[in-house]
Amino acid sequence: MNKNVLIVDDEPDMCWVVSQIIQLQGLNVFTAYTGEDACFKLSKGDFSVVFLDAKLPDMDGLDVARRIHTMVKERPQVVLVSGYHYRDDPVVRNAQEEGIICCFLAKPFSNEELLSILIALSS
Amino acid sequence: MSENPTKNSFEIQYEMLLNAIPSSVLMVDRKLQILSVNENFLIKSQRSKDATVGRPLAEVFPLVILQSTGIEESIRNVFHTGIAVKGQKMTYRAPGVPLRIYYYSILPIQIDQIILIMEDVTEQFRLSEEVRRVERHLASVVESASDIVLSTDIDGRILTWNSAAEKLSGLSTQEVYGRYFFDFCDLSQKQMVQQIFQRMKTSNAAHTTEFNLLTPSNSGTILISWVFSPMKDDYSKTVGTVVVGRDLAERRKLELQLRQSQKLTALGVMAGGIAHEIRNPLAVCSSAAQFLQENQISDDFQKECAKKIQANIQKASAIIENLLRFARSSLDTEMVEVDLISVLKETIDLVTNQAKVQKIKIHLSLQKNNIVVSGVQGLLQQVFMNIFLNAINAMPTGGVLSVAINTVEDRVIVRVIDTGVGIAAGELDKIFDPFHTSSPVGQGTGLGLSICYSIIRQHLGSIQAESRLGQGAAIIVTLPLL
Ligand SMILES: Nc1ncnc2c1ncn2[C@@H]1O[C@H](COP(=O)(O)OP(=O)(O)OP(=O)(O)O)[C@@H](O)[C@H]1O
Ligand SMILES: [Mg+2]
């Protein structure tokens, strides 16, 4: 298991929050502000977990997840972090069933919850 | 007529003439005996000559007539004074004949003879009754109308003023009669109204306009939609003006309600984008607050958290403020100086969230930083909001929304261009119609652009669309510069 985590959100403060939560876990944290940038970074590097915003300026978060699904050989675990969807949103459920994302976290979230997801995914 | 051979040719001619006259002619002597009558009288009264000539008046005329007209007394008077009596009215019914109406004159012709001439005016009388009836009917039509109907002379002095005019203005006919109509208009519009009357003198066409009528009783005004029409005489010469006015208050109220409810619909459309945009700063605040609750944190980090919290609360509140400003009922319709650029910027801020959600880029290109028009800020914002939302709807898979503002002479032209689905040629002239929509049932009402149209017209501007199917669309709004 590698120690690279990618945070994809067009809101710099959101990236700051997530990286603050996970920084003590001894991981390498990278950020991407657009869907294009995320796809590029994912195709180059090796990531174990991606925290992905649902609405990016250029792409839908789920489209990024779909691209990763087909494009990257060593597939990272994708956590959809969104204020646009709600927990039992059919769109979210379908994506989970398809295996495009592994879990969903609604904004705003508790830091505890995000951390436990990360720990569960990296064990 | 007797064939008396002793009559000379003059007498015969005289008798022929008398009989040809379409009036009844009777000669009466001092004893009120009938000396002679013409043919016409015998026909009208259904009498024979023998039963008439040589008989007293009282035997020939029915008693009721004698009593009601006092004709015997009048004749005696004429004998006495020698002064003719002219144009008296008499209604006469011969047995078996409908009522007839006569005008009669009593003329002295000799010392001991008068001539009684009776003219049948039944037909004329009936006609004038008819004219009066039609006149009364017309008057009651004008009086019963709930619209203001008034007429003026050629210079605009009020001649008639119906009860709707009295009711709406609070001014009675006596108060306005003979006064210039423009004296009852708002001071700012007086000159314009004066010009309309001037135009009526030579024009054949009606003139439609809107302006305020003074209501001195409550020292206010009411907005009226007016139609001025020139009034012509039989020779097509203009003799005055007819003015019809309708109270617009009720219509304005409905229009306001419609605009307001359409605005709320637009807010509903934006709800998704708003949710996303507000939850981001909420998430930052929430997490930063959780950091602050942890035990061993550095002073610097503590400060950083507090700063983030404050900044993001600010962000969320700005989004809400924009929304509030848009949702706030723009019941004020007073036209004031408005900076069009800031209206456009604020409106763009409002749709940015929605645009981002749909991967739409927004470009704003400006020539100047400040363009002033006369308008109602809230209404103009509603116009551009509707146009932007339409453009966003037309680009479900993303695209570019460009807003270009140019000033040309005394106008400002705002072009809103999208790269969306476009509009088919046949649809293009329908998009401003109310209820014309391509949205699925329950999603669009089709009122957006029709409301834009009415608002822009209220601002004395124009709105047009250019598009081709599959090639995006441009909505072009033109407004007069202040
Ligand atoms: N930029 C555009 N691109 C393509 N079609 C458009 C555009 N703007 C308007 N239209 C067409 O014009 C129609 C009428 O627009 P309008 O804003 O009046 O109603 P609507 O958007 O359907 O409903 P709503 O009342 O919610 O605004 C739309 O349904 C759409 O078909
Ligand atoms: Mg619309």
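If you're wondering where the values come from, they're calculated on a predicted model, not measured in any experiment.

Quick notes on the rules
- Residues numbered from 1 in each chain as written.
- Chains lettered and ligands numbered in written order.
- Predicted model: local features only at pLDDT ≥ 70, side-chain atom pairs only at ≥ 80, totals over all residues.
- Heavy atoms only, no water.
- Near = heavy atom within 4 Å.
- Polar contact = N/O pair within 3.5 Å; in protein donor to acceptor, adjacent residues only side chain to side chain.
- Areas by Shrake-Rupley, 256 points an atom, 1.4 Å probe, with all protein chains shown as cover.
- Contact = heavy atoms within 4.5 Å.
- Buried area = accessible area lost by both parts, 1.4 Å probe.
- Salt bridge = Lys/Arg side-chain N within 4 Å of Asp/Glu carboxyl O.
- Helix = DSSP H or I, 4+ residues; strand = E, 2+ residues; numbered from the N terminus.
- Nonpolar A, V, L, I, M, F, W, Y, C, P; charged D, E, K, R; others polar.
- Core = buried A, V, L, I, M, F, W, Y, C linked by side-chain atoms within 4.5 Å.
- Buried < 20%, exposed > 50% of the residue type's maximum accessible area, 1.4 Å probe, protein only.
- Pairing = 2+ DSSP bridges.
- Axes fitted to C-alpha atoms, helices over the stretch in contact; angles between N-to-C directions.
- pLDDT = per-residue confidence, 0-100.

Caption draft 1: Layout of the site of ligand 1. All names here are of chain B. Close to ligand 1 lie 19 residues, the nearest being Asn390, Asp418, Thr437, Ser438 and Thr445. The separation between an oxygen atom of ligand 1 and a polar side-chain atom of serine 438 is 2.4 Å. Backbone polar atom of glycine 446 to an oxygen atom of ligand 1: 2.9 Å apart, as the coordinates give it. Relative to its free-state accessible area of 600 Å², ligand 1 is covered by the protein chains to the extent of 91%.

Caption draft 2: Region of interest: the interface of chain B and chain A. Across the contact, 23 residues belong to chain B and 25 residues belong to chain A. With both sides pooled, the region where chain B packs onto chain A buries about 2,100 Å², and carbon together with sulfur makes up 55% of that total. Here chain B and chain A share four salt bridges between them. Among the salt bridges present, the one from aspartate 60 of chain A reaches lysine 359 of chain B, with a minimum N-O distance of 3.2 Å. Listing elements by their share of the side of chain B that touches chain A, those giving two or more residues are helix 10 (249-293), helix 11 (299-327) and helix 12 (340-357) of chain B. Broken down by element, the residue count for the side of chain B that touches chain A peaks at 14 residues, all from helix 10 of chain B. Tallied by class, the residues present in the side of chain B that touches chain A amount to nine nonpolar, eight polar and six charged.

Caption draft 3: Representation of the nonpolar core in the model. All names here are of chain B. In terms of nonpolar packing, the biggest core is built from 53 residues, with Met270, Leu340, Phe384, Ile387, Phe388 and Val414 touching the most fellow members. For this core, the element with the most residues is helix 13 (residues 377-393), which contributes 10 residues. Contact partners of phenylalanine 384, with chain neighbours within four places excluded, come to Leu340, Val343, Leu344, Thr347, Val414 and Val477.

Caption draft 4: Representation of the sheet that holds strand 12 (residues 360-365) of chain B. Residues and elements named next belong to chain B. Read from one edge to the other, the open sheet built from five strands follows the order 12-14-15-17-16, with strand pairing classed as mixed. Looking at strand neighbours, the two that pair on one side only are strand 12 and strand 16 (462-467), the edges of this open sheet. Adjacent strand axes in the sheet meet at a mean angle of 15 degrees when their direction is disregarded. Of the pairings in the sheet, the one linking strand 16 to strand 17 (residues 473-480) comprises six bridges and is antiparallel in character. Residue pairing across strands places serine 467 opposite alanine 473, the latter belonging to strand 17. Set on the sheet, helix 12 makes contact with strand 12, strand 14 (399-408), strand 15 (411-418) and strand 17; between it and strand 12 the angle comes to about 170 degrees. Here helix 15 (residues 448-458) sits on the sheet and contacts strand 16 and strand 17; the angle it forms with strand 16, its principal contact strand, is near 140 degrees.

Caption draft 5: Expanded view of the confidence of the model for chain B. Here chain B averages 89 in pLDDT, and 97% of its residues register 70 or above. With a pTM of 0.54, the predicted complex shows an ipTM of 0.90.

Caption draft 6: Looking closely at the sheet that holds strand 4 (residues 100-110) of chain B. Residues and elements named next belong to chain B. With antiparallel pairing, five strands are arranged side by side in an open sheet as 2-1-5-4-3. The two strands at the open ends of the sheet, each matched to only one other strand, are strand 2 (34-37) and strand 3 (85-92). Here the average twist between neighbouring strands, direction ignored, is 25 degrees. Judged from the six bridges that link them, strand 3 and strand 4 form a sheet pairing that is antiparallel. The partner of tyrosine 92 across the bridge, within strand 4, is arginine 100. Packing against the sheet, helix 5 (residues 71-81) makes contact with strand 1 (24-29), strand 3, strand 4 and strand 5 (113-120), and its axis sits at approximately 25 degrees to strand 4.

Caption draft 7: Layout of the pattern of salt bridges. Residue and element names in this part refer to chain B. Applying the stated criterion across every chain, the model contains 25 salt bridges over all chains. Arginine 76 is paired through a salt bridge with glutamate 73; the nearest N and O atoms lie 3.4 Å apart. Of the two residues, arginine 76 and glutamate 73 are both situated in helix 5; the distance of three residues between them amounts to about one turn of the helix. For glutamate 73, a relative accessible area of 47% puts it in the partly exposed group. Taking the shortest distance from any N to any O, the salt bridge between glutamate 123 and arginine 126 comes out at 2.9 Å.

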